[in-house]
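# Tertiary structure, described
Here's the letter readout for the chains.
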Amino acid sequence: MQQCQNYRDPQYDGFHREDPRYSDPQYREFLGQRRAQILDSVASAARECDRDPSEIDVICVSKTVDIEQVKEAHEAGWNQFAENRPQELMRKTDALPDLSFDMIGNLQTNKINHVLGRARLIHSVASLELAAAVEKRAQAHGLIVKALLEVNVLGEATKSGFSPQELARDAEALAALEHLRFCGLMAMAPAHDKTAAQKCFEGLRNLRDEQEGRMGCALRELSCGMSDDYMLAIVEGSTMVRLGRIVFDPNYAFDVC
């Protein structure tokens, strides 16, 4: 398959929307073949820990591609997409109203209205203050918002999210929010360090188990694992893996992690 690096577009941190190889049969064939590889690897990781592969959802992170490539991914069989910028979420949901998108990136309070009613699920409620702000706007719009609590499991200075201590401290206040339905936790593992990633995923699972008791509700979903480490995440209990480059980028070498 031909290389695509000459079509990089800084706006999308990926490929240029006019890259002809994004609309030719070769790219469509790549999407289908890569999907089959990913689903096989998900099933393999699930079998390794005696899990049912149907418990695990693949979320296709479409932040690096444009509308036409999302359409082609959907035609290849993918059904759930995600964006990390509210403005891009708005643009793609306007253009693709029949597709389902999640919000996975940092959410500022002044962008909440861009997301409500558009995102199936907000993965990145990272503080009690943000949760309260989403609650206020959801109440004003008459909405019930499904969300995950983002946790900074390993206390990394460069990452946002509840610390484990904050998660415990704020459990009662979070449970009292009437227009938010928390259904799990989310985390981002350290990059390029599989030992630390595994520790992060294991820690997230343990925190979920503890938080269910504190909040008095089921927190089934664990959103963790990305292109480089999703199989490790599945072994540790992930129910949602967020995959971008491995889905969309022909230059990303498929290598079972």
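Residues numbered from 1 in each chain as written. Predicted model: local features only at pLDDT ≥ 70, side-chain atom pairs only at ≥ 80, totals over all residues. Heavy atoms only, no water.

## Some details on the overall build of the protein
- When helices and strands are counted, the protein shows ten helices and ten strands.
- Since a compact globule built from 257 residues should have a radius of gyration of about 18 Å, the 18 Å found for the protein is in line with a globular shape.
- With the C-alpha coordinates aligned to their principal axes, the bounding extent of the protein is approximately 55 × 40 × 35 Å.
- Taken over 257 residues, the protein has a buried fraction of 51%.
- Considering only contacts in the protein between residues 6 or more positions apart, those separated by 24 or more positions represent 60%.
- Total accessible area on the protein stands at roughly 11,900 Å², and carbon and sulfur atoms take up 46% of it.
- In the protein, which carries 30 positive and 40 negative side-chain charges, the distance between the mean positions of the two groups comes to 3 Å. (Helix = DSSP H or I, 4+ residues; strand = E, 2+ residues; numbered from the N terminus. Rg over C-alpha atoms; globule rule 2.2 N^0.38 Å. Buried < 20%, exposed > 50% of the residue type's maximum accessible area, 1.4 Å probe, protein only. Contact = heavy atoms within 4.5 Å. Areas by Shrake-Rupley, 256 points an atom, 1.4 Å probe, with all protein chains shown as cover. Lys, Arg positive; Asp, Glu negative; His and termini not counted. Charge placed at Lys NZ, Arg CZ, Asp CG, Glu CD.)

## Regarding the nonpolar core
- In terms of nonpolar packing, the biggest core is built from 68 residues, with Ile-38, Phe-81, Ile-122, Leu-149, Phe-182, Tyr-230 and Phe-248 touching the most fellow members.
- When sequence neighbours within four positions are dropped, the list of residues in contact with Phe-81 reads Ile-59, Cys-60, Ser-62, Val-70, Ala-73, His-74, Leu-99, Ser-100, Phe-101, Asp-102 and Phe-248.
- Listed in part, the nine residues of the second largest apolar core include Ile-104, Leu-148, Cys-183 and Met-240. (Core = buried A, V, L, I, M, F, W, Y, C linked by side-chain atoms within 4.5 Å.)

## Quick look at the pattern of salt bridges
- The final tally for this structure, using the stated rule, is 16 salt bridges.
- The shortest N-O distance in the salt bridge between Lys-92 and Glu-88 comes to 3.2 Å. Highlighted residues: Lys-92 and Glu-88, both in helix H3 (residues 86-95), separated by four residues, approximately one helical turn. Both residues of the pair, Lys-92 and Glu-88, belong to the buried class. (Salt bridge = Lys/Arg side-chain N within 4 Å of Asp/Glu carboxyl O.)

## Some remarks on unusual backbone geometry
- The residue Asp-50 is not glycine, and still its phi comes out positive at about 55°.
- Residue placement: Asp-50 occurs in the loop between helix H1 (25-48) and strand S3 (57-61).
- According to the relative accessible area criterion, Asp-50 is exposed, its value standing at 75%.
- One non-glycine residue, His-192, lies in positive phi territory at about 60°.
- Relative to the assigned elements, His-192 resides in the loop between strand S8 (180-186) and helix H8 (194-215).

## Focus: helix H5 (residues 128-141)
- Between its terminal C-alpha atoms H5 stretches 20 Å, which fits the 20 Å expected from 14 residues at 1.5 Å a residue.
- Looking at the buried residues of H5, the elements they touch are helix H4 (112-115), strand S6 (119-125), strand S7 (145-150), helix H7 (171-175) and S8.
- At the exit of H5 stands Gly-142, carrying a positive phi of roughly 65°. (Expected span 1.5 Å × (residues − 1).)

## Some thoughts on the UniProt feature "modified residue: N6-(pyridoxal phosphate)lysine" (unreviewed entry) in the protein
- Within this structure's numbering, the places UniProt gives as "modified residue: N6-(pyridoxal phosphate)lysine" (unreviewed entry) are Lys-63.
- Examined against the element boundaries, Lys-63 turns out to sit in the loop between S3 and helix H2 (67-76). (UniProt positions renumbered as here; feature names shortened; annotations may be inferred.)

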